[in-house]
Amino acid sequence: MAALKLDKNELSLLRPCSEEELRQLNAEIHTHSVLKHLSVRQQAGLSQKLALFLLGLIILLCVAAPLICTHDPTKFYLSHLNESPGQEFWLGTDSLGRDLFSLLCYGGRSSLLIGTIGALCSCALGLIIGIGSALFPRYVGVFLQRLIEICQSVPSLLWMLTIAAFIPRRDELTLALIIGCCSWFSLARLARAETLQLQGASFMEAAASFNSSVFLKIRLHLWPRLVSVLNFAPAAAFNQALLAEAVLSFLGLGLPLEQLSWGCVLSLSGRALQHNAWWVIVFPGIILLVTMLTMTLLCASWRIEHKRRCSNL
Amino acid sequence: MAFIMHKDKVNSVKPVPRCASGFDLIKLVALCSCTGLLFVSSCFRQEPAEIPSVPVTAAQEDLNSGLVFAGEGVLSINPLINVHDELPGLIFSGLLKHDLSGKVVPDLCSSFDYDPNALRYTFHLKDGVYWHDGTPFTAADVVFTYQKLCFDQSFISPARSNYLDIKNVTATDPQTVVMELSAPNAALPGYLCIGILPEHLLKDEELMTSFFNQQPVGTGRYQFKEWDRAAGRIELVVNAAYYGKVPAIKHITYCTTADESNKSLLLRSGKADLAWLNAEDAAWFRTQAEFENIDFKTADLRTISMDFRTPFWQRNRDSIAPLNYAIDKDALVQSVLSGRGIRAWSPLQPHKVNASHEIDIYPFSLDKFHAAMASLGWVKGADGIYVRNGERFSFSLQVREYEAERVALAQICASMLKDAGVEMRVQLVPHFDFTAGYNACLYGIAAQYDPDQYYSVLVSGMSDNVSGYSNPEVDTLLKQGRRELDPIKRARIYQDFELAFSHDPAFIPLVYIDGNYVSINGLYGLDDRMLLGHHAAGVFRNVEEWTLSR
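Treat the numbers as computed from the prediction; the structure is a model and nothing was measured. (Residues numbered from 1 in each chain as written. Chains lettered and ligands numbered in written order. Predicted model: local features only at pLDDT ≥ 70, side-chain atom pairs only at ≥ 80, totals over all residues. Heavy atoms only, no water.)

(A) Expanded view of the overall build of chain B. Along its length, chain B carries 17 helices and 24 strands. Counting the 550 residues in chain B, one finds 53% classified as buried. Relative to all contacts within chain B whose residues are 6 or more apart in sequence, the contacts with residues 24 or more apart total 69%. Here chain B displays about 24700 Å² of accessible surface, and carbon together with sulfur accounts for 55% of that area. (Helix = DSSP H or I, 4+ residues; strand = E, 2+ residues; numbered from the N terminus. Buried < 20%, exposed > 50% of the residue type's maximum accessible area, 1.4 Å probe, protein only. Contact = heavy atoms within 4.5 Å. Areas by Shrake-Rupley, 256 points an atom, 1.4 Å probe, with all protein chains shown as cover.)

Written out as structure tokens, the structure is:
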């Protein structure tokens, strides 16, 4: 906490106070703090509920797509090309006559799967390499540190494009792994920084004095504290994976043509722009944005609940 | 002991402004100085002296009268390597050329004779023809080009099979070339339109790897100036010393934009003046007053071409022809081509050798398809895909990712075939790879001048037969068609070829596309009576007649 600097005038206002006065003042400060905290909690709770509802709705649309969709997403309705939203096609059709609503519902399955697997892969790699580079002995630690630096010196998208170009056969799992393996760098750096800070704590020194193993130190001392600090990571990784899938599909390096995803639908927007088919651009964009926003809100509200006071983040 | 402030005084204490550090002060002074200087300089700014109007130079006028064409991607500008593109036709000239009706007329030669008994052509070359570098054009250049094309084993042109009947090419004097044939060839005059290469620049060069292919020197209407690879622009300037009519358009900038959508965007943004677009992209320009759509007919056929070297088709070749029943080609024309094209049922439709349509034997009919499949022993599996001898009727098809129209055709065909019980897996590729094991490709092919143009593509072992197709009956008929000089007998031979081919096709003909060119207003002279070739190439055939007024 920063020291309070007072000038002479202010110092003249100071006077000794009794224990009772001090108790009253502390009670006031506490009440104010609690009220402020409650207000933040309430706001967080509201946004959490809204985010949960929207995300649940999107997941429901994707999971129950065969029950909800009125059209086959792979079918080309050749007499309904570039049709604007209406009664038959709720969100309109693309230039080949495919129902956009069905494309989004079925495409969401792949995208959410890629987002989840990609996020898991990214978090696992980031945490393992980040913690490892801080904890492990000299040479392993230095090696991991250099690895992080080398990987981070090239933009993630470039790594993804390079790896994707070398892998001819791509499905959801492959794409998720490519994305996951190319997006752990920032998380590893944060995990390393946080671990290094915690390593200086007295409980870690105590654990070291008892010759605790590295894994015991991680399980008992580091993990509970890291979780509260890095709990935004899954959301960030999920969003990054979702976005990366869209970008790769847009560039033609995503899923095969017959497999649907939000990225594949977004890739139609280039041509849609030329034909003034705004619905092909707007609706996939909105659903991608809402999904990412809900994930961010959920993790932000979770973070408020588990906020650790002594975090450097 | 703790200290607190008096409650009533707490609010009266004014926040003390934080003292600016020395560094902040320096920054503040620097910022004020800069602002002040700017203000002072703006106050005392002198009125600019009147800029004298610079007269428009001839070079600038030329630049303004230049045409920017959004064309296809180009790797090499060599007529012996690039047999389909526009650029070789602008830079190089052939012994002969096609006029607007497709008839063969002299170009670099002033006249030519053919002795049918001796099987000998004699070409009398024009006087006063120069290469773009100023060297005189002679018969030695013609001899060099045809020696390379026909006899050089280190260089195999994709067009070599068109020149198999040339036995010998000699120069009797600097202005006369004699070409001896080993057999009569009805289609050969059309093939003699291929561009002639300069001997003095290439006699010691490896033709496939020569820098000449990126900085060509020809005798044609335009001469190569510059190739900016980073910007994808090839600059051409008119050949003022051209032996024929010199074009009025002084510059042509050829943008190497293979991507169909990009070509459309270049036009819309004013970065290009002319482009060949796919039907869907061209449709938008039909409603725009500042653009003009010029619709050509083409012989450009889109097909699902099988690779017969893959084991799948070696086992299931008998099942290719029935696939014609399962594809609604009229729907393809109406949807993907927006009605700008025709349903394809034969590779020779533009030549009308079979006007009665008697070989149009595959109407769209799923009933007929299922009957044909049943007769061939295919049975539908649990997933709705036909199975025979434990093998599903499933094959892969490669299509170039930057060709949106072909991708759309492939996707819709895959959907139609799936409804019929056949799985066609569409794979996007940056360029065709005929060694990667794909079972098929969405192929484009055109024979705009003569049915014999299918000779090199379909006859066993020929130079452009990339699919490995081999059918003895087709081989025989195409050889007969090449040898026969009587047009009526020749037409009958090609009718027989169409029938033989339709029973054992190398590819499934889908649609003939229209050549939808879009230009800015003010470009005149494009003649839409011409039948264009592959990728609607050949539009520049009469470029010397074009004018451009912006």
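(B) Structural view of the confidence of the model for chain B. Residue and element names in this part refer to chain B. Mean pLDDT over chain B: 88, with 87% of residues reaching 70 or higher. Under a pLDDT of 50 for its full length, residues 1-60 has, in the predicted model, 33 contacts with residues more than four places off or in other chains. With a pTM of 0.78, the predicted complex shows an ipTM of 0.71. (pLDDT = per-residue confidence, 0-100.)

(C) Spatial organisation of helix α11 (residues 233-250) of chain A. All names here are of chain A. The end-to-end C-alpha separation of α11 is 25 Å, in line with the 26 Å expected for 18 residues at 1.5 Å each. Those residues of α11 lying buried are Ala233, Ala235, Ala237, Phe238, Asn239, Ala241, Leu242, Ala244, Glu245, Ala246, Leu248 and Ser249. After α11 finishes, the residue glycine 252 shows a positive phi value of roughly 85°. (Expected span 1.5 Å × (residues − 1).)

(D) Main features of helix α5 (residues 139-151) of chain B. For α5 of chain B, which comprises 13 residues, the first-to-last C-alpha distance of 17 Å matches the rise-based estimate of 18 Å (1.5 Å per residue) to within 8%. Among the residues of α5 of chain B, those classed as buried are Ala139, Asp141, Val142, Val143, Phe144, Thr145, Tyr146, Lys148, Leu149 and Cys150 of chain B.

(E) Highlighting the environment of leucine 220 of chain A. Mapped onto the secondary structure, leucine 220 of chain A falls in helix α10 (residues 214-230). For the pair leucine 220 of chain A and threonine 116 of chain A, spaced 104 residues apart in the sequence, the C-alpha separation amounts to 27 Å.

(F) Highlighting the pairing of strand β11 (residues 251-256) of chain B. Residues and elements named next belong to chain B. Buried residues dominate β11, accounting for 5 of its 6 residues. Of the pairings in the sheet, the one linking strand β2 (residues 67-71) to β11 comprises 5 bridges and is parallel in character. The residue bridging valine 68 from the neighbouring strand is threonine 253, located in β11. Pairing of strand β10 (residues 233-238) with β11 involves 5 bridges; the strand directions are antiparallel. (Pairing = 2+ DSSP bridges.)

(G) Main features of the sheet that holds strand β17 (residues 391-392) of chain B. Residues and elements named next belong to chain B. Read across the open sheet, the 3 strands follow the order β15-β16-β17; overall the sheet is antiparallel. Bordering the open sheet on either side are β15 (379-380) and β17, each of which pairs with just one other strand. Relative to strand β16 (residues 386-388), β15 runs antiparallel, the two being bridged by 2 bridges. Of the residues in β16, the one forming a bridge with lysine 380 is tyrosine 386.

(H) Spotlight on unusual backbone geometry. Residue and element names in this part refer to chain B. Unlike most non-glycine residues, serine 338 shows phi in positive territory, near 50°. Of note, serine 338 is situated in the loop between α12 (329-335) and β14 (341-343). Even without being a glycine, histidine 535 presents a positive backbone phi close to 55°.

(I) A look at the confidence of the model for chain A. All names here are of chain A. Confidence along chain A averages 83 in pLDDT terms, with 84% of residues attaining 70 or more. Mean pLDDT in chain A bottoms out at helix α1 (residues 8-13), which sits at 58, and peaks at helix α3 (residues 65-68), which reaches 94. Overall, residues 308-313 carries pLDDT values under 50, and its contacts beyond four positions in sequence, including any with other chains, amount to 14 contacts.

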